[in-house]
Amino acid sequence: MFKEFGSMLSLLKNQGKLQEEIQKLQAQIGNITAEASAGAGYVTVKVNGRMEVLSVRISEDAMKLNDREMLEDLIAAATNQALAKARQQLAAESEKMAANMGIPPGMLGAGGFPGFGG
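Read on for an overview of the structure.

1. Some remarks on the nonpolar core
Argument step 1. If you look at the biggest cluster of nonpolar residues, it comprises 13 residues, and the most contacted ones within it are Val-43, Val-45, Val-47 and Ala-78.
Argument step 2. Taken together, the elements giving at least two residues each to this core come down to β1 (33–38), β2 (43–48) and α4 (68–101).
Argument step 3. No other element matches α4, which puts 6 residues into this core.
Argument step 4. Setting aside chain neighbours within four positions, we find Val-47 in contact with Ile-32, Thr-33, Ala-34, Glu-52, Val-53, Leu-54, Ala-82, Leu-83 and Ala-86.
Argument step 5. Counting residues in hydrophobic clusters, the runner-up holds 7 residues, among them Ile-22, Ala-98, Met-101 and Ile-103.

2. A short note on the environment of Lys-17
Argument step 1. Here Lys-17 shows up in helix α2 (residues 15–29).
Argument step 2. On the accessibility criterion, Lys-17 (34% relative accessible area) is partly exposed.
Argument step 3. Filtering out sequence-adjacent residues up to four positions away, Lys-17 remains in contact with Asn-100 and Met-101.

3. Considering the sheet that holds β2
Argument step 1. What the 3 strands build is an open sheet, ordered β1-β2-β3; its pairing is antiparallel. Edge positions in the open sheet fall to β1 and β3 (53–58), since each of these has one partner strand only. With direction set aside, neighbouring strand axes in the sheet form an average angle of 15 degrees.
Argument step 2. In this structure, β1 lies alongside β2, joined through 6 bridges in antiparallel fashion. Bridge pairing in β2 links Ala-34 to Val-47.
Argument step 3. Most of the contacts of α4 go to β1, to which it runs at about 150 degrees, and overall it touches β1, β2 and β3.

4. Comments concerning the pattern of salt bridges
Argument step 1. The full count for this structure, using the stated rule, is 2 salt bridges.
Argument step 2. Arg-57 is paired through a salt bridge with Glu-35; the nearest N and O atoms lie 3.6 Å apart. Of this pair, Arg-57 sits in strand β3 while Glu-35 sits in strand β1, placing them 22 residues apart in sequence.
Argument step 3. You can call Glu-35 partly exposed: its relative accessible area is 37%.

5. Digging into the side chain of Thr-79
Argument step 1. Mapped onto the elements of the fold, Thr-79 is located in helix α4.
Argument step 2. Exposure remark for Thr-79: the relative accessible area of 16% places this residue in the buried category.
Argument step 3. Thr-79 has contacts with Val-45 and Val-53, leaving out every residue within four places of it along the chain.

6. Looking at α4
Argument step 1. The end-to-end C-alpha distance of α4 is 49 Å, a good match for the 50 Å that 34 residues give at a rise of 1.5 Å each.
Argument step 2. Count one or two residues on from α4 and you reach Gly-102, which has phi positive near 85 degrees.

Criteria and thresholds
Residues numbered from 1 in each chain as written. Predicted model: local features only at pLDDT ≥ 70, side-chain atom pairs only at ≥ 80, totals over all residues. Heavy atoms only, no water. Core = buried A, V, L, I, M, F, W, Y, C linked by side-chain atoms within 4.5 Å. Buried < 20%, exposed > 50% of the residue type's maximum accessible area, 1.4 Å probe, protein only. Helix = DSSP H or I, 4+ residues; strand = E, 2+ residues; numbered from the N terminus. Contact = heavy atoms within 4.5 Å. Pairing = 2+ DSSP bridges. Axes fitted to C-alpha atoms, helices over the stretch in contact; angles between N-to-C directions. Salt bridge = Lys/Arg side-chain N within 4 Å of Asp/Glu carboxyl O. Expected span 1.5 Å × (residues − 1).

By themselves, these figures tell us nothing about what the structure is for.
Here it is in C-alpha coordinates:
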(Lines give C-alpha, C1' and ligand atoms only; values in the text may rest on other atoms or scores of the structure.)
Protein backbone atom coordinates (compact mmCIF):
# COMPACT_ATOMS: atom_id res chain seq x y z
CA MET A 1 0.00 0.00 0.00
CA PHE A 2 2.79 2.44 0.90
CA LYS A 3 4.61 1.63 -2.33
CA GLU A 4 1.50 2.57 -4.33
CA PHE A 5 1.11 5.74 -2.28
CA GLY A 6 4.72 6.62 -3.05
CA SER A 7 4.10 6.08 -6.76
CA MET A 8 1.11 8.41 -6.66
CA LEU A 9 3.11 11.09 -4.80
CA SER A 10 5.82 10.79 -7.42
CA LEU A 11 3.20 11.37 -10.13
CA LEU A 12 1.90 14.46 -8.41
CA LYS A 13 5.41 15.87 -8.33
CA ASN A 14 5.80 15.23 -12.05
CA GLN A 15 2.50 16.57 -13.40
CA GLY A 16 4.11 17.64 -16.68
CA LYS A 17 4.95 14.05 -17.61
CA LEU A 18 1.51 12.90 -16.50
CA GLN A 19 -0.19 15.46 -18.74
CA GLU A 20 2.08 14.51 -21.62
CA GLU A 21 1.24 10.82 -21.25
CA ILE A 22 -2.49 11.58 -21.03
CA GLN A 23 -2.29 13.68 -24.20
CA LYS A 24 -0.53 10.81 -25.99
CA LEU A 25 -3.24 8.41 -24.85
CA GLN A 26 -6.00 10.77 -25.98
CA ALA A 27 -4.38 11.01 -29.41
CA GLN A 28 -4.18 7.21 -29.65
CA ILE A 29 -7.83 6.73 -28.70
CA GLY A 30 -8.99 7.91 -32.10
CA ASN A 31 -6.67 5.41 -33.78
CA ILE A 32 -8.12 2.46 -31.92
CA THR A 33 -10.65 0.58 -34.02
CA ALA A 34 -12.56 -2.61 -33.38
CA GLU A 35 -14.91 -4.57 -35.59
CA ALA A 36 -17.41 -7.30 -34.84
CA SER A 37 -19.92 -9.31 -36.83
CA ALA A 38 -23.19 -10.98 -35.93
CA GLY A 39 -25.40 -13.51 -37.68
CA ALA A 40 -22.56 -15.29 -39.49
CA GLY A 41 -21.49 -12.04 -41.12
CA TYR A 42 -24.93 -10.66 -41.92
CA VAL A 43 -24.05 -7.48 -39.98
CA THR A 44 -20.61 -5.98 -39.29
CA VAL A 45 -20.02 -2.92 -37.11
CA LYS A 46 -16.80 -0.93 -36.74
CA VAL A 47 -16.18 1.45 -33.81
CA ASN A 48 -13.30 3.59 -32.58
CA GLY A 49 -11.71 4.17 -29.19
CA ARG A 50 -14.02 7.12 -28.56
CA MET A 51 -16.91 4.63 -28.61
CA GLU A 52 -18.24 6.08 -31.86
CA VAL A 53 -19.73 3.85 -34.56
CA LEU A 54 -17.67 4.31 -37.72
CA SER A 55 -19.58 1.99 -40.02
CA VAL A 56 -22.37 -0.56 -40.22
CA ARG A 57 -22.43 -3.08 -43.07
CA ILE A 58 -25.46 -5.24 -43.79
CA SER A 59 -24.89 -8.06 -46.26
CA GLU A 60 -27.05 -8.55 -49.34
CA ASP A 61 -28.11 -11.94 -47.97
CA ALA A 62 -29.39 -10.29 -44.79
CA MET A 63 -31.35 -7.73 -46.79
CA LYS A 64 -33.00 -10.49 -48.82
CA LEU A 65 -34.41 -12.04 -45.65
CA ASN A 66 -36.62 -8.97 -45.21
CA ASP A 67 -36.69 -9.44 -41.41
CA ARG A 68 -36.48 -6.07 -39.69
CA GLU A 69 -36.54 -7.44 -36.13
CA MET A 70 -33.70 -9.86 -36.82
CA LEU A 71 -31.59 -7.10 -38.41
CA GLU A 72 -32.19 -4.81 -35.45
CA ASP A 73 -31.05 -7.57 -33.07
CA LEU A 74 -27.97 -8.32 -35.19
CA ILE A 75 -26.98 -4.65 -35.36
CA ALA A 76 -27.28 -4.33 -31.58
CA ALA A 77 -25.27 -7.53 -31.01
CA ALA A 78 -22.48 -6.57 -33.43
CA THR A 79 -22.30 -3.06 -31.97
CA ASN A 80 -22.05 -4.34 -28.40
CA GLN A 81 -19.32 -6.81 -29.38
CA ALA A 82 -17.32 -4.13 -31.21
CA LEU A 83 -17.62 -1.74 -28.27
CA ALA A 84 -16.42 -4.45 -25.88
CA LYS A 85 -13.37 -5.06 -28.09
CA ALA A 86 -12.63 -1.32 -28.22
CA ARG A 87 -12.86 -1.11 -24.41
CA GLN A 88 -10.38 -3.97 -24.09
CA GLN A 89 -7.93 -2.24 -26.42
CA LEU A 90 -8.38 1.03 -24.56
CA ALA A 91 -7.73 -0.65 -21.21
CA ALA A 92 -4.54 -2.21 -22.61
CA GLU A 93 -3.34 1.17 -23.91
CA SER A 94 -4.08 2.89 -20.61
CA GLU A 95 -2.19 0.15 -18.74
CA LYS A 96 0.81 0.73 -21.03
CA MET A 97 0.63 4.43 -20.22
CA ALA A 98 0.45 3.62 -16.51
CA ALA A 99 3.49 1.36 -16.79
CA ASN A 100 5.40 4.17 -18.55
CA MET A 101 4.53 6.41 -15.62
CA GLY A 102 5.59 3.84 -13.02
CA ILE A 103 2.05 3.26 -11.77
CA PRO A 104 1.73 -0.28 -10.34
CA PRO A 105 -0.35 -2.75 -12.43
CA GLY A 106 -4.03 -2.75 -11.52
CA MET A 107 -3.88 0.60 -9.74
CA LEU A 108 -6.11 2.16 -12.40
CA GLY A 109 -8.78 -0.48 -11.87
CA ALA A 110 -10.16 -3.13 -14.20
CA GLY A 111 -11.28 -0.69 -16.88
CA GLY A 112 -7.99 1.13 -17.29
CA PHE A 113 -7.58 4.86 -16.98
CA PRO A 114 -10.66 6.54 -15.47
CA GLY A 115 -12.78 8.56 -17.86
CA PHE A 116 -11.67 6.82 -21.05
CA GLY A 117 -14.64 4.83 -22.26
CA GLY A 118 -15.00 2.57 -19.18
